[in-house]
Amino acid sequence: MFEDKSQELTPISKLGEFGLIKHLTEHFPLSNESSELGVGDDAAVVNPGNKKVVLTTDVLAEGVHFNLGYVPLKHLGYKAVVVNLSDIAAMNAVPTQILVSLAVSNRFPVEALEEIYSGIQAACARYKVDLIGGDTTSSNAGLVMSITAVGIETDENIVKRSGAKPNDLLVVTGDLGGAYMGLQILEREHAVYLADPNMQPEMEGYDYILERQLKPEARTDVKNILEELDIRPTSMIDISDGLASEILHLSDQSKVGFRLYEEKIPLDNLTISTADEMNLNPVMTALSGGEDYELLFTISPNDFDKIKNHPDFTIIGHAVEKEDGNFMVARGSNQLVALTAQGWDAFLNQ
């Protein structure tokens, strides 16, 4: 867990629950005007003024969502915040506060939790959000983290999954599949290490996809970019469970179908070469891999000229009538491949 094996570690019992919370959160100042009262009272106070409050929460469990055999604790803290802020960004809202709850076993010393909170603090600073509360308790099953994120936005600017119309353009930010390929490299090298602890991991050259897995970023920048382009999405969702799964969510909520064009799916060259190296189809890493935390949204066809050459966005398809279904148009042909939800499901991937 730590490089210095001779370091004297502090058992959590030495601080107690309330002492631990105070110790871990004492360096989290409040920076948002809407944060009236933070950590230290029975409850936090958030005053959004005349805006709407957007709330989301996510649970990360050791052995289900992360493996501490290769995930650094600081990265875990950072990522735990980001995955929630991504949900706020997908509502076209501004993230402002988070609450953090931990369940930890006695194998974790205070210093381990300090590492987690240093990652949380880095994310708070990066995205200008305030830590305003949470909870800690003991666990008999390793480490479990639950983070709740709060966002604020005016009613007219909030974007839901349910607003897409036939002929709307389907747009995605960034590139896809990289996080999944980063996970494959980590799993491969971890398996090699378990078989022979003297073997050095072969991580060189995989930096981009490893960062996509270990330290993803929430696309909170997209809101401002779209405003500058004078574009308001008709529907939006973040890509946490794979592109195919998210398209089907938009389809279900908006009561439309979609045509996705295989040749338009944005893939980084390293994602493609690593998939080839591991005998995987690069397109499937985007469709079913997940954890990219890019944004998928629809826009009016009238906004095509505003977005068509923008480097942050790729138009990958369009909406059709609901009864026309959800299909991918295969590369180099008009063959239609049915989209199925094969992304991550914590209850199925055990």
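Every value quoted in this text rests on a predicted model; they were computed, and no experiment measured them.

A. Quick look at unusual backbone geometry. Phi at Asp 230 is positive, roughly 60 degrees, even though this residue is not glycine. Locating Asp 230 in the fold gives a position in the loop between helix H6 (222–228) and strand S8 (235–238). By relative accessible area, Asp 230 is classed as exposed at 57%. In this model, Glu 291 sits at a positive phi of 65 degrees, which is unusual for a non-glycine residue.

B. Inspection of the UniProt feature "binding site: Mg(2+) 1" (unreviewed entry) in the chain at higher detail. Per the UniProt entry, the sites bearing "binding site: Mg(2+) 1" (unreviewed entry) are Thr 57, Asp 58 and Asp 135 in this numbering. The greatest C-alpha distance among the annotated residues, which extend across 79 residues, is 14.3 Å, indicating that they converge on a single site. Counting through the fold element by element, Asp 58 comes out in strand S3 (residues 52–61). For Asp 58, a relative accessible area of 26% corresponds to the partly exposed category. What Asp 58 contacts, discounting residues up to four positions off in sequence, is Val 83, Asn 84, Met 145, Ser 146 and Ile 147. Residue placement: Asp 135 occurs in strand S5 (residues 130–138). Overall, the relative accessible area of 38% leaves Asp 135 in the partly exposed class.

C. A look at the UniProt feature "binding site: substrate" (unreviewed entry) in the chain. UniProt annotation of "binding site: substrate" (unreviewed entry) refers to His 65, Glu 291 and Trp 344 when read in the numbering used here. In this structure, Glu 291 sits in the loop between helix H9 (282–288) and strand S10 (295–299). For Glu 291, the contacting residues outside a window of four places in its chain are Lys 79, Ala 179, Arg 212, Gln 213, Ile 239, Ser 240 and Asp 241. Looking at Glu 291, its side chain comes within polar contact range of the side chain of Lys 79, at 2.9 Å.

D. Looking closely at the packing of aromatic side chains. Enumeration according to the criterion identifies one aromatic pair in this entry. Taken together, a centroid distance of 5.7 Å and an interplanar angle of 90 degrees make the contact between Phe 297 and Phe 313 edge-to-face. Here Phe 297 is found in strand S10, whereas its partner Phe 313 is found in strand S11 (residues 313–321), with 16 residues between them in sequence. Both residues of the pair, Phe 297 and Phe 313, count as buried. Here the basic side chain of Arg 126 rests over the ring of Tyr 127, its NZ or CZ set 4.4 Å away from the ring centre.

Conventions adopted
Residues numbered from 1 in each chain as written. Predicted model: local features only at pLDDT ≥ 70, side-chain atom pairs only at ≥ 80, totals over all residues. Heavy atoms only, no water. Helix = DSSP H or I, 4+ residues; strand = E, 2+ residues; numbered from the N terminus. Buried < 20%, exposed > 50% of the residue type's maximum accessible area, 1.4 Å probe, protein only. UniProt positions renumbered as here; feature names shortened; annotations may be inferred. Contact = heavy atoms within 4.5 Å. Polar contact = N/O pair within 3.5 Å; in protein donor to acceptor, adjacent residues only side chain to side chain. Phe/Tyr/Trp six-rings, centres within 6.5 Å; stacked < 30°, edge-to-face > 60°. Lys NZ or Arg CZ within 6 Å of the ring centre and 35° of its normal.

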